[in-house]
Number of protein chains: 2
Amino acid sequence: MDEIRNMGEDSLIDKLLEQVPAAALGTGAAGAGDDCAVIEADGDVQQLLKTDAMVEGRHWDPDTEASRVGWKAVARVISDIAAMGGRPEEFLVTLALPGSVSVDWATGLYRGMGKCLEAFGARMVGGETTRCPEGAPVVISIAARGVVNREQVTLRSEGKAGDLLLVTGKLGGSLEERHLDFLPRVEEADWLTRQFKPTAMMDLSDGLAADLPRLARASGCGAKLDHSALPLHANCSIEQALNDGEDYELLFAIDADSVAPLRESWAKRFPETALSVIGSLCEIEEGDTLSGGWDHFRKD
Amino acid sequence: MDEIRNMGEDSLIDKLLEQVPAAALGTGAAGAGDDCAVIEADGDVQQLLKTDAMVEGRHWDPDTEASRVGWKAVARVISDIAAMGGRPEEFLVTLALPGSVSVDWATGLYRGMGKCLEAFGARMVGGETTRCPEGAPVVISIAARGVVNREQVTLRSEGKAGDLLLVTGKLGGSLEERHLDFLPRVEEADWLTRQFKPTAMMDLSDGLAADLPRLARASGCGAKLDHSALPLHANCSIEQALNDGEDYELLFAIDADSVAPLRESWAKRFPETALSVIGSLCEIEEGDTLSGGWDHFRKD
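Residues numbered from 1 in each chain as written. Chains lettered and ligands numbered in written order. Predicted model: local features only at pLDDT ≥ 70, side-chain atom pairs only at ≥ 80, totals over all residues. Heavy atoms only, no water.

S.K.: A description of the interface of chain A and chain B should follow, citing residues and the corresponding values.
M.R.: Across the boundary between the two partners, chain A contributes 79 residues, which contact 79 residues of chain B. Taking both sides of the interface into account, the surface hidden between chain A and chain B amounts to around 6,200 Å²; carbon and sulfur atoms contribute 66%. For the pair chain A and chain B, the number of links is two salt bridges. For the interface between chain A and chain B, the tally reads 20 residue pairs in polar contact (both at pLDDT 80 or more). Contributing elements (two or more residues each) for the side of chain A that touches chain B: α1 (9–17), β1 (37–39), β2 (45–55), β3 (87–98), α3 (103–119), β4 (123–132) and β5 (139–149) of chain A. Each residue belonging to the side of chain A that touches chain B can be placed in one class, and the counts come to 39 nonpolar, 18 polar and 22 charged. (Contact = heavy atoms within 4.5 Å. Buried area = accessible area lost by both parts, 1.4 Å probe. Salt bridge = Lys/Arg side-chain N within 4 Å of Asp/Glu carboxyl O. Polar contact = N/O pair within 3.5 Å; in protein donor to acceptor, adjacent residues only side chain to side chain. Helix = DSSP H or I, 4+ residues; strand = E, 2+ residues; numbered from the N terminus. Nonpolar A, V, L, I, M, F, W, Y, C, P; charged D, E, K, R; others polar.)

S.K.: Break down the pairing of strand β9 (residues 250–254) of chain B for me, with residues and values.
M.R.: Strand residues, when the strand is regular, have side chains that alternate between the two faces of the sheet. Residue and element names in this part refer to chain B. Summarising burial for β9: five of the five residues are buried, a large majority. Because side chains alternate across β9, one face comprises the buried residues L250, F252 and I254, and the other comprises L251 and A253, equally buried. In this structure, strand β6 (residues 164–168) lies alongside β9, joined through four bridges in antiparallel fashion. Bridging across to β9, L164 finds its partner in I254. Pairing between strand β7 (residues 200–203) and β9: four bridges, direction antiparallel. Each residue of the ladder has a partner; that of A200, found in β9, is A253. (Buried < 20%, exposed > 50% of the residue type's maximum accessible area, 1.4 Å probe, protein only. Pairing = 2+ DSSP bridges.)

S.K.: Explain the relation of the copies chain A and chain B to me, using residue names and the numbers behind them.
M.R.: What connects the two chain copies is a rotation about an axis and a shift along it. When chain A is brought onto chain B, the operation consists of a screw motion whose angular component is 180 degrees and whose axial shift is 0.0 Å, with 0.0 Å RMSD remaining. The superposition of one copy onto the other is thereby described by a two-fold rotation axis. Identified as the residue of chain A closest to the rotation axis by C-alpha distance is A136(A), at 2.5 Å. Of the interface residues in chain A, 100% have counterparts in chain B that sit at the interface too, so the contact is made through matching surfaces. (Least-squares fit on C-alpha atoms with pLDDT ≥ 70 in both.)

S.K.: How would you sum up α3(A)? Please name residues and give values.
M.R.: One full turn of an α-helix is made of 3.6 residues, so residues set three or four places apart face in the same direction. Residue and element names in this part refer to chain A. Across its 17 residues, α3 extends 24 Å between first and last C-alpha, which sits within 8% of the 24 Å expected from 1.5 Å per residue. When you tally the buried positions in α3, you get 12 out of 17 residues, the bulk of the element. V103, W105, A106, T107, G108, L109, Y110, G112, M113, G114, C116 and L117 are the residues of α3 that are buried. Two residues or fewer after α3 comes G121, characterised by a positive phi angle close to 70 degrees. (Expected span 1.5 Å × (residues − 1).)

S.K.: So what's going on with the packing of aromatic side chains? Residues and values would help.
M.R.: All names here are of chain A. Scanning all chains against the criterion turns up 13 aromatic pairs over all chains. Residues W191 and F270 carry aromatic rings whose centres are separated by 5.6 Å and whose planes lie at 90 degrees to one another, so their mutual orientation is edge-to-face. In this pair, W191 is assigned in helix α4 (residues 186–195) and F270 in the loop between α7 (259–269) and β10 (275–282), connecting sequence segments 79 residues apart. Judged by relative accessible area, W191 falls into the buried class, the value being 13%. A relative accessible area of 6% means that F270 is categorised as buried. Ring geometry for W266 versus F270: centroids 4.7 Å apart, planes at 45 degrees, classification tilted. An aromatic cluster of three or more residues is present, and its members are W191, F196, W266 and F270. (Phe/Tyr/Trp six-rings, centres within 6.5 Å; stacked < 30°, edge-to-face > 60°.)

S.K.: Account for α7(A), naming residues and giving values.
M.R.: Residues and elements named next belong to chain A. Here α7 has its buried residues at V259, L262 and W266. For α7, the angular spread of the buried residues around the axis is 55 degrees, confining them to a single face. Those residues of α7 that are exposed and angled more than 90 degrees off the buried face are A260, E264 and K268. On its buried face, α7 sits against β6 (164–168), α4, β9 (250–254) and β10. (Arc of directions from axis to C-beta.)

S.K.: So what's going on with the packing of helix α4 (residues 186–195) of chain B against helix α7 (residues 259–269) of chain B? Residues and values would help.
M.R.: Residue and element names in this part refer to chain B. Running from amino to carboxyl end, α4 crosses α7 at an angle of 145 degrees, the nearest separation of the two axes being 12 Å. Where α4 crosses over α7, the two elements pack in a sense that is right-handed. For the pair α4 and α7, the contacting residues are E187, E188, W191 and L192 in the first and L262, S265, W266 and R269 in the second. (Axes fitted to C-alpha atoms, helices over the stretch in contact; angles between N-to-C directions. Left-handed = near helix turned anticlockwise from the far one by under 90°.)

S.K.: Go over the side chain of R156(B), please, and point to the residues and values.
M.R.: All names here are of chain B. The topology assignment puts R156 in the loop between β5 (139–149) and β6. R156 sits in the buried class, given a relative accessible area of 11%. In contact with R156, other than residues within four places in its own chain, are G33, D34, D35, A200, M201, M202, R214, L215, A218 and S219.

S.K.: Lay out the sheet that holds β10(A) in plain terms, naming residues and giving numbers.
M.R.: Residue and element names in this part refer to chain A. Spatially, the five strands line up as an open sheet ordered β7-β9-β6-β10-β8, and their pairing is antiparallel. The open sheet has two edge strands, β7 (200–203) and β8 (222–225), and neither has a second partner. Between one strand axis and the next, the sheet turns through 25 degrees on average, direction left out of account. Note: β6 against β10, five bridges, orientation antiparallel. Its bridge partner lying in β10, L165 is registered against G279.

Okay, structure coming up:
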């Protein structure tokens, strides 16, 4: 009997979605495969729906301060909403946890979630707690609704061969600490999608080596990556920038002519934050082969 | 250090929500404490947001056919949306599971979810799979958006002393099998909230003994329960009707004058489905003391 650990996450999801009748499956931007699902609404504002889960021992060490775990859980979802050009609105929190978890830990978790929601103007509107057997890891599942102006919606799938690939900030070494306190790029993504509409965008959560092929594939393109151009955090190698994951930076494709004016405006608007050209989209057969990054099933 | 198992679920949630700054907390109908959060939108249609989680070994036995688990996971959420007077729209599915789970099980789960979504005109638009250590139970977390006509929105909190309490269908003994294949009362709730607007409504998931006090408390009332009037499934005791949980029937309060015409119309529209008056709302100090039902933390 085949076990899911023998499949990659992406092919598992493809196989699971095949089980759902076509009539019960969202299509296009309201389907699986982007940072969020886009729900068409009348008027200029569209809706985004997103869920994200974290598992104790995989997404945080058990000895991590609970409030930082809470911050991260919410910030990850805000990062996905930002990557579509959107703003976070309502959040629902589901906790599955053993009865031996301390009340202090649980309240710390909520304090961190509340802090992050407040910082980004979002609200908690519900959720659920349910009990797991002793020994099971705590699972935190967050669901959120965001909104996005129709003309700012940025999918992964509209990149074109010839577009340049850019990344915000620096990559690698997130596990040092940064993955617990990062600031999702809401302001940067909002500015970018208003001023210089990227053709495709996503946030980097599983590492460039896993995420870039997803963006390229969604756009029906290959990708060429200039390894020497990768912006590295201090003491990080190129390998780390490719594979560590949890950078929560924006990766986007944009037509080549826009890049010079974009970089000039960016440097004025966000002088503290690097913006680097790291490669380009190309025809599929001309693309580099990239492998690595974080796969939720293959890796142990 | 106090453990969460020593708190009831409701008081744990209250304590957790205290940690969230007021600005980051939904209020009123867009807050925690009802079957769904209601998100105000312009126009006649409002939005509902809901999350619900199931844990292997608690909400289903490991030897249950996967497709029935999938049906149940989706149907529970549809039941919550129906209990607000709404219709289900988009669903996101989060799975946290060990790598040893078979691909067959996972595809069966999605087949069941797809079947239920299709049956109720809803769509799967995304989700996530994430891996848990071996030995951890499978956790399924479902998030959904529903819609509801403004005049049909029915909260738990608007019941009045003197309202009669009614319940659809029969209660007790769900664990025999019924909890895996039930049909959420979408059509019944839609009809009810159009024709005879209840003052308060919820679905019965944790058992009448746990759920009725929640409806009464939310409405600032007490409740008197006529135990002899409880509609029982075959071979079920009153104790089971109170405590088994997972009935997924509608419990609602409605002004006493509406009950006779309601029952007459109901019998024509839903001749197969019982509708029973089981008690009334009253002033807090006159209410019965009910305890029992399903508490996600206290019970083992």
